[in-house]
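Structural overview for review
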Amino acid sequence: MVGLESVNKHFGDLHVLKDISLEVQPREVVVVVGPSGSGKSTLCRAINRLETIDSGEIRIDGKKLPEEGAALADLRADVGMVFQSFNLFAHRTVLDNLTLAPTRVRKTKRAVAEAEAMALLDRVGIAGKAHHLPAQLSGGQQQRAAIARALAMHPKVMLFDEPTSALDPEMVGEVLEVMVSLASEGMTMIVVTHEMGFARRAADRVVFMDAGQIVEQNTPAEFFDSPQTERARSFLASVLPH
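This structure is a prediction, so every number in the text was calculated from the model and none was measured. (Residues numbered from 1 in each chain as written. Predicted model: local features only at pLDDT ≥ 70, side-chain atom pairs only at ≥ 80, totals over all residues. Heavy atoms only, no water.)

Think of a sheet as strands paired side by side through backbone hydrogen bonds, with each pair either parallel or antiparallel. In spatial order, the strands read β6-β7-β8-β3-β9-β10; together these six strands make up an open sheet with mixed pairing. The sheet terminates laterally at β6 (79–82) and β10 (213–218), the two strands that pair on one side only. Ignoring strand direction, the axes of neighbouring strands in this sheet form an average angle of 20°. Inspection of the sheet shows strand β3 (residues 29–33) paired to strand β9 (residues 205–210) by four bridges, in the parallel sense. Counted as the bridge partner of V33 is F208 from β9. (Pairing = 2+ DSSP bridges. Helix = DSSP H or I, 4+ residues; strand = E, 2+ residues; numbered from the N terminus. Axes fitted to C-alpha atoms, helices over the stretch in contact; angles between N-to-C directions.)

Below you can see the structure in the form of structure tokens.
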């Protein structure tokens, strides 16, 4: 579903993605972990070209990621993205946030888009907030609205860029529950997160990045219980409770 081959990215003199190759299969949940500054978010943002790459190739569902124009917009419509800062349209209701892209991009009839949006809001537990503005919601509710908004486009793959890092601790669980249920339903997901419990519970594969490289990848059980590299061992020692 997602393929990266020899992807490189620089910010000036900083080489943030170093020859990254990664394949993500349909229905697979890949969780990307690693220390701050390891390139995780840049990798996530490169997959739908929010960050351009310097070299290499990215494919979504077998199609090479276009550089710009209508073809890029079409491909982006198949890739849902959830950011750490929600990025909801502040002046539109939650319901309008969910129906805007389906009606404008997919040309879905308004009544159909609203019915689907309400079903999605019910699924993430905030149907009662449909006519509220984002500012009237808690952080956890805003992030669940953002997940529902991404799902409204019927994406082939969902990207999550540290979706709980801006949330108060008591709100983290409610967002992770929605993500776990998505994973169990077979959504293809790439999740950049610091939530090791989620990685252990929901991932098919954990990818460990450090200094712009994929250092190690394995099943959650193997990665957490028997890390193969010293860098992974030292990272886990710093983030897991003793």
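With that settled, the discussion passes to the packing of helix α3 (residues 94–104) against helix α4 (residues 110–123). Contact geometry of α3 with α4 gives a least axis separation of 9 Å together with a crossing angle of 130°. One element, α3, and the other, α4, form an angle in the oblique class. Here α3 runs over α4; the crossing is right-handed. Counting all contacts with α3, which are made through V94, L95, D96, L98, T99, P102 and T103, the residues of α4 involved are R110, A113, E114, A117, M118, L120 and L121. (Parallel < 35°, antiparallel > 145°, perpendicular 65-115°, else oblique. Left-handed = near helix turned anticlockwise from the far one by under 90°. Contact = heavy atoms within 4.5 Å.)

Contact geometry of α3 with helix α5 (residues 139–151) gives a least axis separation of 8 Å together with a crossing angle of 25°. In terms of orientation, α3 lies roughly parallel with respect to α5. Between α3 and α5 lies a crossing of right-handed hand. Contact residues: V94, N97 and L98 in α3; A145, A148 and R149 in α5. Of the residues in the contact of α3 with α5, the class split is four nonpolar, one polar and one charged. (Nonpolar A, V, L, I, M, F, W, Y, C, P; charged D, E, K, R; others polar.)

The next thing to look at is the pairing of β10. Strand direction decides the pairing type here: β9 and β10, joined by five bridges, are antiparallel. Pairing of D210 across the sheet is with Q213, part of β10. Two successive antiparallel strands, β9 and β10, enclose a turn made up of two residues, where A211 displays a positive phi of approximately 55°.

Our next topic: helix α1 (residues 40–47). Burial analysis of α1 places six of its eight residues in the buried class, the great majority of the element. All of the buried residues along α1 are K40, T42, L43, C44, A46 and I47. At the exit of α1 stands R49, carrying a positive phi of roughly 65°. (Buried < 20%, exposed > 50% of the residue type's maximum accessible area, 1.4 Å probe, protein only.)

The next subject is the UniProt feature "domain: ABC transporter" (unreviewed entry) in the protein chain. The feature "domain: ABC transporter" (unreviewed entry), as annotated in UniProt, sits at residues 2–236 in this numbering. The span residues 2–236 is 39% helix and 26% strand, and its two end C-alpha atoms sit 27 Å from each other. (UniProt positions renumbered as here; feature names shortened; annotations may be inferred.)

The strand order across the open sheet formed by four strands is β2-β1-β4-β5, and the pairing between neighbours is antiparallel. The outermost strands of the open sheet, each flanked by one partner alone, are β2 (14–24) and β5 (63–64). With seven bridges connecting them, strand β1 (residues 2–11) and β2 associate as antiparallel partners. Across the sheet, the residue bridging to G3 is E23, located in β2.

Bringing the environment of G125 into the picture now. Relative to the helices and strands, G125 resides in the loop between α4 and α5. The exposure class assigned to G125 is exposed, which follows from its relative accessible area of 53%.

For the rest of this paragraph, the subject is the nonpolar core. In terms of nonpolar packing, the biggest core is built from 50 residues, with I147, M158, F160, M179, M189 and F198 touching the most fellow members. Sequence-distant contacts of F198, defined by excluding residues within four places in its chain, comprise V31, L176, M179, V180, M189, V191, T193 and A203. One finds V7, I47, I58 and F83 within the second-largest nonpolar core, a separate group that totals 28 residues. (Core = buried A, V, L, I, M, F, W, Y, C linked by side-chain atoms within 4.5 Å.)

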